[in-house]
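Results of the structural survey
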Amino acid sequence: MDAVIEAKELRKCFGAFTAVDGISFQVPAGSVFGLLGPNGAGKTTTIRTLYGFSPLTSGEVKVFGLPIATSHREIKARIGVCQQDNTLDPDLSVEQNLLVFAGYFRMDRKIAASRARELLSFFAMENKRAARVMELSGGMIRRLMLARALINSPELLILDEPTTGLDPQSRHQLWDKLTELKAAGLTILLTTHYMEEASRLCDSLVIVDHGKILVEGSPAELILEHAGRFALEIEGRDPETRRFAIESGLKYDILDQRVILYSDGDEASLEEARRAFCPATCLTRQASLEDVFLRLTGRELRE
Amino acid sequence: MSFKNRFSMRFAQVWRRNLIVYKRIWKINFLPPMLEPIFYLTAFGLGLGSLIKTVPYRGAEVDYLSFIAPGLIASAVMWQSFFETTFASFVRMFYQKTFDAMLSTPLTLEEIIIGEIVWGATKAFIASVLVLCVVAAFGRAGLPGSLLIPPVAFLGGLAFACAGMYFTGITPNIDMFNLPMFLFITPMFLFSGTFFPIDNLPVWAGFIAKATPLYHLTLLIRGLCLGGLGNDAWLSLAYLAVFTAVAATLALRAMRRRLVR
């Protein structure tokens, strides 16, 4: 399949600070690609170079096979961007936000009007047509941002933390909509802090930190390779548990207040530890992308 | 993207966005440019005018109301366009992130800034028409010259909108707009021939006044209003055109430096 985005050795510096340090990746047509990383890892900077907002320091980016450096007007006509901040126009109504935005793409007014109706109904916001943006809830703001990013019927959708700050209901609803769009063949590039979101939506993803790619693969591959199938968390600072972890031959993390053991095989290999150290309180769970993320990027706080 | 490709008629879409917002509350938007000249013409024209009687203008004497009426049109042009591309544009750029959203579409930064500047000039144009109506109601809008005032006001609006946009490009925060307001706009309002002929100023101050865009805009509008345009009108037109071109270049450069990182 053709790559919709091809980034080669993408580098972006702000003065002496290197925000993105030579990353390369490809986003195949029709797939959902995740860009994951802690705060300050360079996700938003990467995204901003992709839609021509920030010029590259060095490297090459092609979108739809076109070089971003020379044809960003043509590229931007074919992509939809849902920025991290609320950039809706507070001076306009919900429907006007879509129509005026369509104007920036020089869309025909009639086509824009019918597309706006379609999107408002898709995102269940028909009864909010005339509402002001200020009156919308956080979930509705996100839905309208997404609707606006789709107004030009883009071939590529770029989503920068689309569900940050949403309640579980709104988040699940947005996931449903994104799954529907994915099924319709839209290519999506996504950044997120929610590993569950990345696991559900992404076909493949990269985890970046300090401007560099740490790993790349599908969520399932990455979980298996870097965590395992199952995980057992044992609370406390018991030295016995720690010695067991080190000598067990399993993958493990020794943390301040916890020990986590990972098993590549079945739950049975964790059973011995569970019975020995916490028969009553701890449960064996599935290893997750969150384990991978924390194992690779570390547990210390950022910012 | 090459420099030439950053400019197209797409700026009209940014202009249209501002027009849509303006039309939503046009009745309120119409009020200040209508009320302000009524206040000024009543207070200064009628009140102060009864003490001053006449003012020399091009070798003749005109009554004070006739003298300040065109000055008020010119200063309305200045306030409207400068305010629009400073405070209003800054709010859109910084607080509402409207420019960020626009930059994710095929619009270029240059088109956004030009759209804002042309909108500022449009507001000046609308204000000039409104103030002109008030001036006409006071019987001080001479014909046919007054009909040419709105297009001249548009040019003047471009000049002040470009200057305002330059300040928006370099100001660290919204409070800092007080600086150009008090160092640039207010002195111009008072000393560029709006309320009294600049011949009354000391020679050095007269030179400074003649270097300001408001002086030239006032000269043009007063000439059209009172039917006294001389050959120096061409010089004033040329001054405004050159001022606009220079300020536009500076504004575009400052905004690019500010927003493209």
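Residues numbered from 1 in each chain as written. Chains lettered and ligands numbered in written order. Predicted model: local features only at pLDDT ≥ 70, side-chain atom pairs only at ≥ 80, totals over all residues.

**A word on the pairing of strand β12 (residues 251-254) of chain A**
The side chains of a regular strand alternate between both faces of the sheet. Residues and elements named next belong to chain A. Of the pairings in the sheet, the one linking β12 to strand β13 (residues 258-263) comprises four bridges and is antiparallel in character. Residue pairing in the sheet places aspartate 253 in a bridge with isoleucine 260 of β13. In this structure, the hairpin formed by β12 and β13 is closed by a connection of three residues. (Pairing = 2+ DSSP bridges. Helix = DSSP H or I, 4+ residues; strand = E, 2+ residues; numbered from the N terminus.)

**What to know about the sheet that holds strand β10 (residues 212-217) of chain A**
All names here are of chain A. With respect to topology, six strands assemble into an open sheet ordered β6-β7-β8-β3-β9-β10, the strand pairing being mixed. Among the strands making up the open sheet, the edge pair consists of β6 (79-82) and β10. Strand after strand, the sheet turns through a mean of 15° between neighbouring axes, direction not considered. Sheet topology note: the strand β9 (residues 204-209)/β10 ladder contains five bridges and is antiparallel. Counted as the bridge partner of leucine 205 is glycine 217 from β10. Sheet strands touched by helix α11 (residues 289-297): β3 (32-36), β9 and β10. Its angle to β9, the strand with the most contacts, is close to 30°. (Axes fitted to C-alpha atoms, helices over the stretch in contact; angles between N-to-C directions. Contact = placed C-beta atoms within 7 Å.)

**Considerations on the nonpolar core**
Among the nonpolar cores identified, the biggest contains 159 residues, and A:Ile158, A:Leu261, B:Ile73, B:Val77 and B:Cys162 are the most heavily contacted of them. Here this core spans two domains, and each of domain 1 (3-217) and domain 2 (228-287) of chain A adds at least three residues to it. For A:Ile158, the contacting residues outside a window of four places in its chain are A:Ile47, A:Leu50, A:Tyr51, A:Ile79, A:Val81, A:Cys82 and A:Leu189. (Core = buried A, V, L, I, M, F, W, Y, C linked by C-beta atoms within 7 Å. Buried ≥ 20, exposed ≤ 12 C-beta atoms within 10 Å, placed from the backbone. Domains from an automatic or database assignment.)

**With respect to the interface of chain A and chain B**
On the side of chain B, 20 residues touch chain A, which itself brings 25 residues to the contact. Of all the elements in the fold, those that place two or more residues in the side of chain A that touches chain B are α2 (72-77) and α3 (94-104) of chain A. Among the elements that make up the side of chain A that touches chain B, the one with the highest residue count is α3(A) (five residues). Residue composition of the side of chain A that touches chain B, grouped by class: 12 nonpolar, seven polar and six charged. (Nonpolar A, V, L, I, M, F, W, Y, C, P; charged D, E, K, R; others polar.)

**Here we look at the environment of B:Ala153**
Residues and elements named next belong to chain B. Within the secondary structure layout, alanine 153 lies in helix α6 (residues 149-170). For alanine 153, a count of 30 C-beta atoms within 10 Å translates into the label buried. The residues contacting alanine 153, other than those within four sequence positions of it, are Ile73, Val77, Ala124, Phe125 and Ser128.

**Here we look at the confidence of the model for chain A**
Within chain A, residue pLDDT values average 90, and 99% of them lie at 70 or more. The secondary-structure element of chain A with the lowest mean pLDDT is helix α10 (residues 268-277) of chain A, recorded at 78, while α3(A) shows the highest, at 97. (pLDDT = per-residue confidence, 0-100.)

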